[in-house]
Amino acid sequence: MKILVFGSTNIDHNYQMEHIARPKETVTSRGYEIHPGGKGLNQAIAFAKTGQHVYLAAVVGNDAGMLLDVMEKYDVDTRYLRKINAPNGHAIIQIDENGENSIFLYPGTNNSITHEYVDRVLNGFEKGDFIILQNEINRQDYIIDKAYEKGMVILMNPSPCDDSLKALPLEKVSYFFINEVEGAILTGESDPEKILDRMNELYPESRVILTLGAEGSRFRYKDQYCSQAIFPVKAIDTVGAGDTFMGYFSYGLSQGMSPAECLLLATKASSITVTRKGAADSIPTLEEIKERYPD
Ligand code: ADP
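Quick summary incoming for the structure in this document. Position labels on residues start from 1 in each chain and follow its written sequence. In keeping with the predicted nature of the model, local features appear solely for residues at pLDDT of at least 70, side-chain atom pairs appear and are counted solely at 80 or more, and the whole-chain, interface and lining totals rest on all residues. Each side-chain value is derived from all of the structure's non-hydrogen atoms; neither hydrogens nor water enter the calculation.

Secondary structure assignment for the protein chain yields nine helices and 14 strands. Throughout, the radius of gyration refers to the C-alpha atoms, and the reference size of a globule is 2.2 Å times the residue count to the power 0.38. By the compact-globule yardstick of 19 Å for 295 residues, the protein chain fits well, its C-alpha radius of gyration being 19 Å. Principal-axis analysis of the C-alpha atoms gives the protein chain an extent of 55 × 45 × 40 Å. Working definition: with a 1.4 Å probe on protein chains only, accessible area under 20% of the residue-type maximum means buried, over 50% means exposed, and in between means partly exposed. The burial tally for the protein chain puts 52% of its 295 residues in the buried class. A contact between two residues is defined here by any heavy atoms of the two lying within 4.5 Å. Sequence separation of at least 24 residues holds for 62% of the intrachain contacts in the protein chain that already meet a minimum separation of 6. Split by element, the accessible area of the protein chain, about 13,900 Å² in all, is 49% carbon and sulfur. Taking the average location of the 29 positive side-chain charges in the protein chain and that of its 41 negative ones, the two points are 2 Å from each other. Secondary structure elements are taken from DSSP: a helix is a run of H or I of four residues or more, a strand is a run of E of two residues or more, and numbering for both begins at the N terminus. For every accessible area listed, the method is Shrake-Rupley and the probe measures 1.4 Å; residues are considered covered only by the protein chains on display. Counted charges follow a simple rule, with Lys and Arg positive, Asp and Glu negative, and His plus the chain ends left uncounted. To locate a charge, the coordinates of NZ of Lys, CZ of Arg, CG of Asp or CD of Glu are taken.

What follows deals with the packing of helix α5 (residues 180-187) against helix α6 (residues 192-202). A fitted line through C-alpha atoms represents every axis, and for helices the fit uses only the stretch in contact; the resulting angles, taken between N-to-C directions, go from 0 to 180 degrees. Where α5 contacts α6, the axes come no closer than 10 Å and their chain directions differ by 50°. Accordingly, the angle class assigned to the pair α5 and α6 is oblique. At the point where α5 passes α6, the crossing takes the left-handed sense. On α6, the residues touching Glu180, Gly183, Ala184, Leu186 and Thr187 of α5 are Pro192, Ile195, Arg198, Met199 and Leu202. Classification convention: Asp, Glu, Lys, Arg as charged; Ala, Val, Leu, Ile, Met, Phe, Trp, Tyr, Cys, Pro as nonpolar; all other residues, Gly among them, as polar. In terms of residue class, the contact of α5 with α6 is made up of six nonpolar, two polar and two charged. With respect to orientation, any angle under 35 degrees is reported as roughly parallel, any angle over 145 as roughly antiparallel, any angle of 65 to 115 as roughly perpendicular, and every other angle as oblique. By convention, the crossing between two helices is left-handed when the near helix turns anticlockwise from the far helix through less than a right angle, and right-handed when the turn is clockwise.

Turning to the sheet that holds strand β9 (residues 130-133), a few remarks are in order. In short, DSSP must find at least two bridges between two strands for them to pair. Spatially, β4-β1-β9-β10-β11-β12-β13-β14 is the arrangement adopted by the eight strands of the open sheet, whose pairing is mixed. With partners counted over all chains shown, the strands left at the sheet margins are β4 (54-57) and β14 (224-228), one partner each. Strand after strand, the sheet turns through a mean of 15° between neighbouring axes, direction not considered. Alignment of strand β12 (residues 207-211) against strand β13 (residues 217-221), held across four bridges, turns out to be antiparallel. Across the sheet, the residue bridging to threonine 211 is serine 217, located in β13. Packing of helix α7 (residues 241-254) onto the sheet brings it into contact with β9, β10 (153-156), β11 (175-179), β12 and β13, and relative to β11 it is tilted by some 155°.

So this is what it looks like as structure tokens:
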């Protein structure tokens, strides 16, 4: 069984500001950092950190050097990457003294997915292989249709969550990984149990994993339901918690674990992630999880 992440890559330009620039205003930044990002890349790294062999399909630009370096660092298989002569997707992020941010996203190469590219990538995969999707590239509808036709298992974190999502053939998704915000946009409900009920009505053939931050997580598929409380820890940075959760839940699935066992493993893993700063670097390996939570 193979695992393919089909998604976005971004170069994140972070500027430390005294305050976020207002219209007509020029503000001098106090600091600048550049980081690899994009939901597709983050998820590919999260999956790779579980020890799984992960292929990343993405269109990258002529300025993607640091992105390629990080893929190599974390052992992401890049044979399906396509490089074009255009600027990569990137984000301009202003962060003020209170940690508030303002983000400007230029999709760049993330909007350069073509039917021909999708066909070429999916040719390398077959029934039962996992495809991991988010909502940051174009041609998402075509990717879902083609992956479904092939009988691939479609795992989706529908983020960023906006109205464009509803035009997608989401009934073909095998596993949704959503948080409360995404659940509310998809269903119009805010109560977690109502989100699950409505997801079950809207997408009866899909399994739904709902993560609720410090309130733990839930799994729902038709009449099948289970929930998992968090492992209490001193959380210092929850960035990467959702990606860790999805990576380890899917790892569990690929090993034939039950949904309850997958929730438990993913919860252990993300409880470690939230005790560390950063995104990719904070995701634990399987050995670290076993060390921290020996059964
Ligand atoms: P997202 O970042 O996608 O919104 P969540 O915030 O729901 O994801 O977090 C995903 C999972 O990470 C939760 O279901 C939980 O298991 C774990 N988690 C999140 N916050 C904490 C916390 N403060 N302490 C322990 N575990 C946490």
